[in-house]
Amino acid sequence: MKRLLSLAILTIFFACEPDNVPEVSGINIASIINEADTEFIYFEDADKQQYYYPTKNDLPGFSNRYLFESEQVNLNMRSNDAFQYDCNIFMSIPDFFNISLPAQVGGSGRFPVGTGELQLIDKLNDVDNQFGPDDDYNFVGSSLFEEMAFTIISLDDQVFQAEFSGRILTKTGRRIEVINGRVRIQLEN
């Protein structure tokens, strides 16, 4: 009985610890978040499958920067392995460097500062018309259609940090529920 009670107390202690995120597929996001120089896009789906993108896509003049002429933040990351998808986050935010933080981007909150979109771009299956009506491979969710909500947490020394959740869909109706979304990326000049 004593052993069972000790086990129950330990279970409650670890379940209530705020940084205790389940380790699924070998990724412990709590430890990654605490590594100050680590850049990533991360989220889980409803089945706790993890989606982790720790490597910048190199699209010169476009990736991981704020484009002043279009007032858009472009975040483009990929996985280190043969994972099927690249991950993009786009946010249209006027006067980006002067917004009060934390700031809601899309969603049902009051006074969102702009719009945002999450994409998973399939690297293995080519489609003739990406995001066209027959595209069963590429996922997208937008705050314009209340599919995604983003909260910008901080922007210190060009390091962009945000949280996000919602759902992304293919044009044929396949769906991924997005939970525990986090992003931290050093914006390029």
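**Points about the pairing of strand S5 (residues 72-78)**
Burial within S5 is extensive, with five of its seven residues counted as buried. Both strand S3 (residues 55-56) and S5 contribute to a ladder of two bridges, which runs antiparallel. Its bridge partner being in S5, Lys56 is matched across the sheet by Met77. Alignment of strand S4 (residues 65-67) against S5, held across three bridges, turns out to be antiparallel. Its bridge partner being in S5, Tyr66 is matched across the sheet by Val73. Between S4 and S5, which pair antiparallel in sequence order, lie four residues; one of them, Glu71, sits at a positive phi of approximately 50°. For S5 and strand S6 (residues 85-92), the ladder comprises seven bridges, and the chain directions are antiparallel. Bridge assignment links Leu75 to a residue of S6, and that residue is Ile89.

**Observations concerning the pairing of strand S12 (residues 175-186)**
One face of the sheet, then the other: side chains in a regular strand alternate in exactly this way. Across four bridges, the pairing between strand S1 (residues 40-44) and S12 is antiparallel. By the bridge assignment for S12, Tyr42 is matched with Arg182. In terms of strand pairing, strand S11 (residues 159-169) meets S12 through ten bridges, oriented antiparallel. When the bridges of S12 are listed, Arg167 appears paired with Glu177. The antiparallel pairing of S11 with S12 creates a hairpin that spans five residues between the two strands, and Gly173 there sits at a positive phi of about 105°.

**Some remarks on the environment of Cys87**
Within the secondary structure layout, Cys87 lies in strand S6. For Cys87, a relative accessible area of 0% puts it in the buried group. Sequence separation between Cys87 and Tyr53 is 34 residues, and the spatial gap between their C-alpha atoms is 7.0 Å. Not counting residues within four places of it along the chain, the set of residues in contact with Cys87 comprises Ile41, Phe43, Tyr53, Leu75, Asn76, Met77, Leu118, Gln119 and Leu120.

**A short note on the pattern of salt bridges**
Counted according to the given criterion, the structure contains four salt bridges. Of the charged contacts, one joins Arg175 and Glu177 as a salt bridge, the two residues approaching to 2.5 Å between their closest N and O atoms. Judged by its relative accessible area of 49%, Arg175 is partly exposed. In this structure Glu177 comes out as partly exposed when scored by relative accessible area, which is 29%.

**Describing the side chain of Ser142**
Along the chain, the position of Ser142 falls in strand S9 (residues 139-142). Taking the relative accessible area as the measure of exposure, Ser142 reaches 7% and is therefore buried. Within polar-contact distance, the side chain of Ser142 engages the backbone nitrogen of Leu144 at 3.0 Å. In this structure, Ser142 is in contact with Gly116, Glu117, Glu147 and Met148, ignoring residues within four places of it in sequence.

**Comments concerning the nonpolar core**
The biggest cluster of nonpolar side chains holds 33 residues, and the ones touching the most others in it are Phe43, Phe96, Leu118, Leu120, Phe160 and Phe164. Excluding residues that lie within four positions of it along the chain, Phe160 makes contacts with Leu75, Met91, Phe96, Ile152, Ser154, Leu155, Val183, Arg184, Ile185 and Leu187.

**Structural notes on the packing of aromatic side chains**
Aromatic ring pairs: the centre-centre distance and the angle between the two ring planes describe each pair. In total, this model carries eleven aromatic pairs according to the counting rule given. Here Tyr66 and Phe97 contribute two aromatic rings whose centre-to-centre distance is 5.5 Å and whose plane-to-plane angle is 80°, an arrangement assigned as edge-to-face. Highlighted residues: Tyr66 in strand S4 and Phe97 in the loop between S6 and strand S7 (103-106), separated in sequence by 31 residues. Judged by its relative accessible area of 8%, Tyr66 falls in the buried class. Looking at Phe97, the relative accessible area reads 36%, which means it is partly exposed. Where Phe150 meets Phe164, the ring centres are 5.8 Å apart and the plane angle is 40°; that geometry is what we call tilted. A residue pair is termed long-range when its members are at least 10 positions apart, and Phe150 in strand S10 (residues 148-156) and Phe164 in strand S11 qualify at 14 residues. By the burial criterion, Phe150 is buried, and Phe164 matches it. Cluster of aromatic residues (ring-pair linked, three or more members): Tyr66, Phe68, Phe96, Phe97 and Phe160.

Each value, and the rule that gives it
Residues numbered from 1 in each chain as written. Predicted model: local features only at pLDDT ≥ 70, side-chain atom pairs only at ≥ 80, totals over all residues. Heavy atoms only, no water. Buried < 20%, exposed > 50% of the residue type's maximum accessible area, 1.4 Å probe, protein only. Helix = DSSP H or I, 4+ residues; strand = E, 2+ residues; numbered from the N terminus. Pairing = 2+ DSSP bridges. Contact = heavy atoms within 4.5 Å. Salt bridge = Lys/Arg side-chain N within 4 Å of Asp/Glu carboxyl O. Polar contact = N/O pair within 3.5 Å; in protein donor to acceptor, adjacent residues only side chain to side chain. Core = buried A, V, L, I, M, F, W, Y, C linked by side-chain atoms within 4.5 Å. Phe/Tyr/Trp six-rings, centres within 6.5 Å; stacked < 30°, edge-to-face > 60°.

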